[in-house]
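# A look at the structure
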Amino acid sequence: MNNGICAVPARRNLPNEHYLAGSPERLKLEAELERMAANPVEIPVVAGGKEIFTGRVKEIRAPHDHSLVLGRYHEAGPAELDLALQAGRSVARDWAALPWEERAAVFMKAAALIEQGYKYRLNAATMLGQSKNIYQAEIDAACESADFYSNNPYFASQIYRRQSESTSAELNRLEYRPLEGFVYAVTPFNFTAIAANLPSAPALMGNVVMWKPASSSVLSNWHLMQLYRLAGLPDGVINFLPGRASEITTHLLGQPDFAGLHFTGSTGVFNSLWKGIAGNLENYRTYPRIVGETGGKDFVFVHPDADFASAIPAIVRGAFEYQGQKCSASSRLYLPRSRSQELLDALVAETKKLKVGSPLEPGNFVNAVIDKAAFASIKGYIEKARSEAGCHILAGGKCDDSRGWFIEPTIILADKPDATTMVEEIFGPVLTVYCYDDSDLDAAYKLVDATSPYALTGAIFARERREIVRALNALANAAGNFYINDKPSGAVVGRQPFGGARGSGTNDKAGSELNLLRWISARNIKENFTQLDSWAYGYM
Ligand code: NAD
C-alpha cells in the first residue's frame, strides 16, 4: 500500500524527427513500410481482450494505390458488442478502484513505447492506410498520440489534487469517480492521434470504453489497440469494435449503462448521435456526457498591413497539408481588395509548385484523399464551382482516380462572399478566396463571423497591435482556436487545447484538463467531528 502522493512529470511534447534521406529514423520507417505493404493483416474485433474473427470482412486498400491491399478487418455484430459490454461491466469496478497513478502509468508507458520505436509502426500504418506523407504521419501518429498519452496523466493529476476546503470541525474530500457506465468513443479517419485520445482519455479517468474506429483508419487504429496490450492495459477496459456505424451505435446507445459519448467527426453525424441519445433518455441510469468535436470552415483573414511574404507559405500549408482533410484546414481566405492581385499571384504561383502523388515519394506534398466517397464529394464541389456564377478556378481543379484518389490543390476565387465553397465544409484540398473591401474592415469581420455555421479555427495576419485586438474582439465567437500570424492548424497537445463551438462541437478542448473533467463525476464527502446537543438554534 503506497500512501505517497505521486507526482507525474510535468507535461512535455515529443519532438518530431526529420527523416532526412539515409537517417536512422528514415531507414527504420522505410523498413516498416516495406514490411507492412508486403504483409496484409487480418484485423479482429477485440472484446474483453478476446480477438474475434467474425467473418464479416471489409478490405483495406491504400488510398493512393487501389491495387495495394493492406489487410482486412472483421466487423463487430450484436454478439461481439454484447461480449464487449459484458467485459466492460465486469472490469469496471476494478479499473476504477485502481490508484489513479496505476492507470496513468499504462498510458505513460504507451507514450514511452511510441518514443522508443513503436512510432514507426504507427507512422507506416498511417502513411499507407490514410495516405499521409512522412511529416504529416510523424506529427500525428507518433508525436500527437504520444503527447495525449503522456500529457493527460499530468492534467489528471492537476484535477485530482483539487480538493475542497476543510476545518478543524469537519473533513471534506472530493472523490473523482468515473461515470457510472461505459463511454462510447467514435473516432474519425483523419488523425491517428484523435483515435488514440478519444478512448484513452476516459479510460485514464477510470471509465471503460467501447471504441468504434472509422472504417478508413482501421489499420493504424489496430496498431493503437495492440499498443494498449503492450502497455499493460487490462482486458475489457478499451474494446475495439470496427463495423457498421449505425448498427453499432443503435446497439450501444440502447444500453441503460451508456454514460458518455466521446466523438470527433462531422457535424451531421454528431447531430444524429445526439438525437439518438435524446431518444433513449428515459432508459439511462444517468444523464450521459456528450462531447463532440465536429466540422469546420476555417478562415484566414489577411489584413492590408500584414507581412505578405510570410502569410503566403502559411496559407499554402494551412490549406493543403494532408489534402485539406484537417478539421482545422484553412478553407476560406479573405484578402484585402486593394492588394489582392499581388497576393493572388503569389498564392497561385506557390500552389502550382505542390506535387501530388503517393506519400511514399518524399517530394509529394499532397497525397490521396481518403476514399471514393470523399473523392466524389470533393470533385462535386469543384465541378459545381466551375459552373457557379462568379466562381473562377485559379489553380488546380483536376481529379484523377485512375491509380488512387488524387485531387489537385485547388484555389477558387469567389466574387460573392457566400458562394457555396466559402460556406460549406469540403474536407479536401480546396481553398476559396474572397477579396473584401478594405475601406470597411468592420463589415469584413462581420462577414467572416456570419458566413459559416462553424466556429472551429481561424487566423489573422496583421501587424499593427490595435488592428490585431480589433480582429480578436470582432471574431470572439468565430473560432475556438484563433491564430495570429500563423496558419489555423497544427494544434499541439497542452499548448493549444483544441476545439470549437457553434456547429463545430461542444468545445471541450482535447489536450487539456477541460476534456478530462467531462469523464469524471465528483462526489464530495463531508465528515463531521462535532456533536450536536440539540436541534434548537441559540437565538431561539
Ligand atoms: P464522419 O462523421 O464521417 O465519421 C466519424 C465517425 O463517425 C466514424 O467513426 C464513422 O464511422 C462514424 N459514423 C458515421 N456515421 C455514423 C452514424 N450514423 N452513427 C454513428 N457513427 C457514425 O467523419 P470523418 O469523415 O471520419 O472525419 C471528418 C470530419 O470530422 C470532418 O467534418 C472534420 O471537420 C471532423 N473533424 C473534427 C475535428 C475537431 O476536432 N473538431 C477533428 C477531426 C475531424
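From a predicted model like this one, the values you see are computed outputs, not experimental measurements.

As a further point, take the site of the ligand. For the ligand, the set of nearby residues contains 26 residues, the closest of which are Thr-187, Lys-212, Ser-266, Thr-294 and Glu-425. Within the contact set of the ligand, an oxygen atom lies 3.2 Å away from a backbone nitrogen or oxygen of Phe-189. For the ligand, whose accessible area on its own is 830 Å², the fraction buried by protein is 84%. Only helix H7 (245–253), strand E10 (258–264) and helix H8 (267–279) provide two or more residues apiece to the shell around the ligand. Of the residues in the shell around the ligand, the class split is 14 nonpolar, nine polar and three charged. Two domains each put at least three residues into the shell around the ligand: domain 1 (26–294 + 505–525) and domain 2 (298–484).

What follows covers unusual backbone geometry. You will see that Tyr-322, though not glycine, has its phi angle at about 45°, which is positive. Structurally, Tyr-322 is set in the loop between helix H9 (308–320) and strand E13 (330–336). Of note, Lys-509 is a non-glycine position whose phi angle comes to about 50°, a positive value. Here Lys-509 is to be found in the loop between strand E22 (501–502) and helix H15 (513–516).

Along its sequence, the protein is carved into domain 1 (26–294 + 505–525) and domain 2 (298–484). Computed over C-alpha atoms only, the centres of domain 1 and domain 2 are separated by 31 Å. Residue-level contacts link 22 residues of domain 1 with 28 residues of domain 2. Across the domain 1 to domain 2 interface the summed buried area is about 2,000 Å²; carbon plus sulfur atoms make up 58%. Among the residues domain 1 hides against domain 2, the three largest losses belong to His-64, His-66 and Phe-189. Together they make up 26% of the total. Taken together, the links from domain 1 to domain 2 amount to one salt bridge. In this structure, Asp-65 engages Arg-403 in a salt bridge whose closest nitrogen and oxygen atoms are separated by 3.2 Å.

Overall, mixed pairing links the seven strands, which are arranged E14-E17-E18-E13-E12-E20-E21 in an open sheet. Each end of this open sheet is capped by a strand with a single partner; those strands are strand E14 (391–395) and strand E21 (481–484). Taken over all neighbouring pairs, the strand axes of this sheet differ in orientation by 20° on average, direction set aside. Looking at chain direction, strand E12 (residues 298–302) and E13 are connected through four bridges and run parallel. Across the sheet, Phe-301 pairs through a bridge with Tyr-334, a residue of E13.

What counts, and at which threshold
Residues numbered from 1 in each chain as written. Predicted model: local features only at pLDDT ≥ 70, side-chain atom pairs only at ≥ 80, totals over all residues. Heavy atoms only, no water. Near = heavy atom within 4 Å. Polar contact = N/O pair within 3.5 Å; in protein donor to acceptor, adjacent residues only side chain to side chain. Areas by Shrake-Rupley, 256 points an atom, 1.4 Å probe, with all protein chains shown as cover. Helix = DSSP H or I, 4+ residues; strand = E, 2+ residues; numbered from the N terminus. Nonpolar A, V, L, I, M, F, W, Y, C, P; charged D, E, K, R; others polar. Domains from an automatic or database assignment. Contact = heavy atoms within 4.5 Å. Buried area = accessible area lost by both parts, 1.4 Å probe. Salt bridge = Lys/Arg side-chain N within 4 Å of Asp/Glu carboxyl O. Pairing = 2+ DSSP bridges. Axes fitted to C-alpha atoms, helices over the stretch in contact; angles between N-to-C directions.

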